[in-house]
2 protein chains.
Amino acid sequence: MGTTQLESVQEPKYQHLKTVIGEALDSDFTVGEILPNERELAARFGVARATLRQALEQLELEGRLQRRRGVGTTVAPPRVGVDVSTTQQVWPGVGDDAWLAQDAIPGDAPVAVARLLETAAGEEVHLVRRLRLSQGQAVAAELLYVPAGSVPGLDAIDAPVGAARARAVLCELQNLVLDGQDRSVELGSARADDAKELDRLPGSPVLVVTTRYLSGGRTAAVSVATYRADTCRLTFGDSVDLAMAS
Amino acid sequence: MGTTQLESVQEPKYQHLKTVIGEALDSDFTVGEILPNERELAARFGVARATLRQALEQLELEGRLQRRRGVGTTVAPPRVGVDVSTTQQVWPGVGDDAWLAQDAIPGDAPVAVARLLETAAGEEVHLVRRLRLSQGQAVAAELLYVPAGSVPGLDAIDAPVGAARARAVLCELQNLVLDGQDRSVELGSARADDAKELDRLPGSPVLVVTTRYLSGGRTAAVSVATYRADTCRLTFGDSVDLAMAS
DNA sequence: AAGTGGTCTAGACCACGCA
DNA sequence: GCGTGGTCTAGACCACTTA
């Protein structure tokens, strides 16, 4: 009987809160339902609002909650599986309508990308901006770096601008032979521009997928795609989307 | 008081701090160097410690800093690339010495895993625990779920325990024909046991790699591997590890 | 024992979405 | 204008590492 208020042995309050709220989400709430506001919840659990927020933050990180300023906190639907497999080796923009080309402008690559491109740091590249939609929602923002040298045909007809220009760059790429590609995934936080596209706050956690497109023994293009970490599950291989409940 | 000078145009302090510190890391610090402590830094930038911590948190999330209680904050080395490609379709424990088998115990799968295994919720499974090392550091903790039905030969010789038993389960798996596998990556937060293995605090961000091993038209095993998000970059395909500086 | 990062409090004000 | 989550403060104490 002396073991009543145990649990708290060396376990932070916010972590215990996370467990309690997490269980409540499973049993007492349905997807889309809105929770009481933070001040109310903090009072109900007898903690400071900052502590309560620490718990909510982790639950949001795990994709169980969705918080929107001015609106409230809602129970999140299961993460959507987004296919990022490399089994079919193709240039970006070929046959997949998941991506929406936005625009293309001249610019230069940041040092990290320049290293992947194996180009001189200052070499001019085309910056192609694309947005990936899934079920009507923006799930990823991509910045595709294409060295001017990779698409020599583009300078001739320099007419198009905006989305048309983006498509033109992608189209030019297809004239090259794609030898291979490789990909890496890491955790990052959203830059201001990406955050805006993804309807998230700057700094929110994202999964950064970096793809290198190889052609003729060199890197012909590099894509840096920023996926919403809260709502996305990246799938590889022939994985089928499960978790279709409700 | 209108202490707001400029820069602060709608940009949170912690975000600006992040930028400033991030730039300082590039120019004034070297990998492994320890930063001034949080109270000192907060005072230097004229903000509350909580605000300073918000900036440090994001920098740690991006793998630029490493913080350890009782020790201090140090500049993190570049993330290590960890290969998780599925090009070579093999059972776990075959020919890759990256993983260290720890033990195997009987148990049952949580509902999410049970759904992947397509088994009855209560069916007995072997829980195989493994640890992945990279450059002497633990980078991932794995829990492999193997339904008892997948390895019928194991019950006969039930002798080994601990790491030996784990290896026995993996060995039994190799008697099956591996038809395929698929993988997914998502963001999670470390459970207490995984956190301990990875030398992180519970709740710290991790990349969860879920692998389904298919054999004979069904799911013969499911692996849930938890990678440290701060220090790891997951690589797919034939990507070469760059960024070998120092 | 000293010093570090981690947790927690009780306030305050701000930016945003919506009626 | 009101209610929401987001930012920020100035403290306090705790858990951990190291000497």
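Source: prediction; values computed, not measured.

A. Local environment of the protein's contact with DNA strand D. Taken together, 27 residues lie near DNA strand D, and A:Asn37, A:Arg49, B:Lys13, B:Tyr14 and B:Thr51 sit nearest. For DNA strand D, the fraction of atoms within 4 Å of the protein that belong to sugar or phosphate moieties is 67%. Between DNA strand D and A:Arg39 there is a distance of 3.0 Å, counted from a base oxygen to a side-chain nitrogen or oxygen. Contacts to DNA strand D include B:Lys13, whose backbone N or O atom sits 2.2 Å from a phosphate oxygen. Broken down by element, the residue count for the surface near DNA strand D peaks at four residues, all from helix α3 (residues 49-61) of chain B. Across the surface near DNA strand D, the residue classes tally to eight nonpolar, eight polar and eleven charged.

B. Local environment of the relation of the copies chain B and chain A. Rotating chain B by 180° about the axis while translating it 0.0 Å along that axis superimposes it on chain A, leaving an RMSD of 0.0 Å. This pairing of chains is accounted for by a two-fold axis. The share of interface residues of chain B whose copies in chain A are also at the interface is 100%, consistent with both copies meeting through the same surface.

C. Representation of unusual backbone geometry within the structure. Unlike most non-glycine residues, A:Gln135 shows phi in positive territory, near 55°. Tracing the chain through its elements places A:Gln135 in the loop between β5 (124-134) and β6 (137-147).

D. How the structure looks around the environment of B:Thr210. All names here are of chain B. By the secondary structure assignment, Thr 210 is in strand β8 (residues 205-215). On the basis of relative accessibility, which here comes to 15%, the residue Thr 210 falls in the buried class. Dropping the residues within four chain positions of it, Thr 210 is found in contact with Leu 116, Asp 182, Arg 183, Ser 184, Val 222, Ser 223 and Val 224.

E. Highlighting the sheet that holds strand β8 (residues 205-215) of chain A. In space, the eight strands of this open sheet follow the order β4(A)-β5(A)-β6(A)-β9(A)-β8(A)-β7(A)-β10(B)-β3(B), with mixed pairing throughout. Taken across any chain shown, the strands that pair with only one partner, and hence form the sheet edges, are β4 (99-108) of chain A together with β3 (80-83) of chain B. When strand polarity is set aside, the average angle formed by the axes of neighbouring strands in this sheet is 25°. Pairing of β6(A) with strand β9 (residues 218-228) of chain A, which is carried by six bridges, proceeds in the antiparallel orientation.

F. Here's a closer look at the nonpolar core. Ranked by size, the top nonpolar core spans 34 residues in total, and within it A:Val185, A:Tyr227, A:Leu234, B:Val185, B:Tyr227 and B:Leu234 carry the most contacts. Once residues lying within four places of it in the same chain are set aside, the contact partners of A:Val185 are A:Val208, A:Val209, A:Leu234, A:Phe236, B:Val185, B:Leu207, B:Arg233, B:Leu234 and B:Phe236.

G. Focus on the protein's contact with DNA strand C. If you check the shell around DNA strand C, you find 27 residues, and the closest are A:Lys13, A:Thr51, B:Asn37, B:Arg49 and B:Arg53. Of all DNA strand C atoms lying within 4 Å of any protein atom, the proportion belonging to sugar or phosphate reaches 68%. At 2.4 Å, a side-chain N or O of A:Thr51 approaches a phosphate oxygen of DNA strand C. A:Arg69 places a side-chain nitrogen or oxygen 3.3 Å from a sugar or linking oxygen of DNA strand C. Elements represented by at least two residues in the surface near DNA strand C include exactly α1 (13-28) and α3 (49-61) of chain A together with α2 (38-45), α3, β1 (65-68) and β2 (72-75) of chain B. A per-class count over the surface near DNA strand C returns eight nonpolar, eight polar and eleven charged.

H. Spotlight on the packing of α1(A) against α3(A). Residues and elements named next belong to chain A. Running from N to C, α1 and α3 point in directions that differ by 55°, and their axes come no closer than 8 Å. Of the possible angle classes, the one that applies to α1 and α3 is oblique. In this structure, α1 crosses over α3, and the sense of that crossing is right-handed. Two secondary-structure elements touch here, α1 through Lys 13, Tyr 14, Leu 17, Lys 18, Ile 21 and Gly 22 and α3 through Thr 51, Leu 52, Gln 54, Ala 55, Leu 56, Gln 58 and Leu 59. Here the residues of the contact of α1 with α3 sort into seven nonpolar, four polar and two charged.

I. Quick peek at the interface of chain B and chain A. Between chain B and chain A, the residue contacts involve 33 residues of the former and 33 residues of the latter. Taken over both partners, the interface formed by chain B and chain A buries close to 2,800 Å², and the fraction arising from carbon and sulfur atoms is 56%. Put simply, chain B and chain A have two salt bridges between them. One salt bridge in this structure joins B:Glu186 and A:Arg79, with 2.8 Å as the shortest N-O distance. At the junction of chain B and chain A, the tally comes to 14 residue pairs in polar contact (both at pLDDT 80 or more). For the side of chain B that touches chain A, the leading source of residues is strand β7 (residues 180-189) of chain B, giving nine residues. Each residue belonging to the side of chain B that touches chain A can be placed in one class, and the counts come to 14 nonpolar, ten polar and nine charged.

J. Structural detail: the sheet that holds strand β9 (residues 218-228) of chain B. Strands sit in the order β3(A)-β10(A)-β7(B)-β8(B)-β9(B)-β6(B)-β5(B)-β4(B) across an open sheet of eight strands; the sheet is mixed. Either end of the sheet is taken by a strand with one partner, and the two such strands are β3 (80-83) of chain A together with β4 (99-108) of chain B. Strand after strand, the sheet turns through a mean of 25° between neighbouring axes, direction not considered. Two elements, strand β10 (residues 232-236) of chain A and β7(B), share three bridges in a ladder whose sense is antiparallel. What sits directly across from A:Phe236, in β7(B), is B:Arg183.

K. Fine view of the pattern of salt bridges. Considering all chains together, one arrives at 40 salt bridges over all chains under this definition. Where B:Arg44 meets B:Glu40, a salt bridge forms, and the shortest distance between an N and an O atom there is 2.9 Å. Of this pair, B:Arg44 and B:Glu40 both sit in helix α2, four residues apart, roughly one helical turn. In this structure B:Arg44 comes out as exposed when scored by relative accessible area, which is 54%. One network of salt bridges, with partners in common, ties together A:Glu38, A:Arg49, A:Arg53, A:Glu57, A:Glu60, A:Arg67, A:Arg200, A:Arg228 and A:Asp230.

L. Representation of the packing of aromatic side chains. Applying the stated criterion across every chain yields a total of five aromatic pairs over all chains. Aromatic side chains A:Phe236 and B:Phe236 sit 3.8 Å apart centroid to centroid with 5° between the ring planes, which places their arrangement in the stacked category. Taken as a pair, A:Phe236 in strand β10 and B:Phe236 in strand β10 (residues 232-236) lie in two separate chains rather than in one. Taking 6.4 Å as the distance between ring centres and 80° as the angle between the ring planes, the aromatic pair formed by B:Trp99 and B:Tyr227 counts as edge-to-face. Here B:Trp99, found in strand β4, pairs with B:Tyr227, found in strand β9; they are 128 residues apart in sequence, far enough to count as distant. Look at B:Tyr227 and you get buried, because its relative accessible area is 2%.

Here is what the cut-offs are and how they apply
Residues numbered from 1 in each chain as written. Chains lettered and ligands numbered in written order. Predicted model: local features only at pLDDT ≥ 70, side-chain atom pairs only at ≥ 80, totals over all residues. Heavy atoms only, no water. Near = heavy atom within 4 Å. Polar contact = N/O pair within 3.5 Å; in protein donor to acceptor, adjacent residues only side chain to side chain. Helix = DSSP H or I, 4+ residues; strand = E, 2+ residues; numbered from the N terminus. Nonpolar A, V, L, I, M, F, W, Y, C, P; charged D, E, K, R; others polar. Least-squares fit on C-alpha atoms with pLDDT ≥ 70 in both. Contact = heavy atoms within 4.5 Å. Buried < 20%, exposed > 50% of the residue type's maximum accessible area, 1.4 Å probe, protein only. Pairing = 2+ DSSP bridges. Axes fitted to C-alpha atoms, helices over the stretch in contact; angles between N-to-C directions. Core = buried A, V, L, I, M, F, W, Y, C linked by side-chain atoms within 4.5 Å. Parallel < 35°, antiparallel > 145°, perpendicular 65-115°, else oblique. Left-handed = near helix turned anticlockwise from the far one by under 90°. Buried area = accessible area lost by both parts, 1.4 Å probe. Salt bridge = Lys/Arg side-chain N within 4 Å of Asp/Glu carboxyl O. Phe/Tyr/Trp six-rings, centres within 6.5 Å; stacked < 30°, edge-to-face > 60°.

Read these as geometric descriptors, not functional statements.
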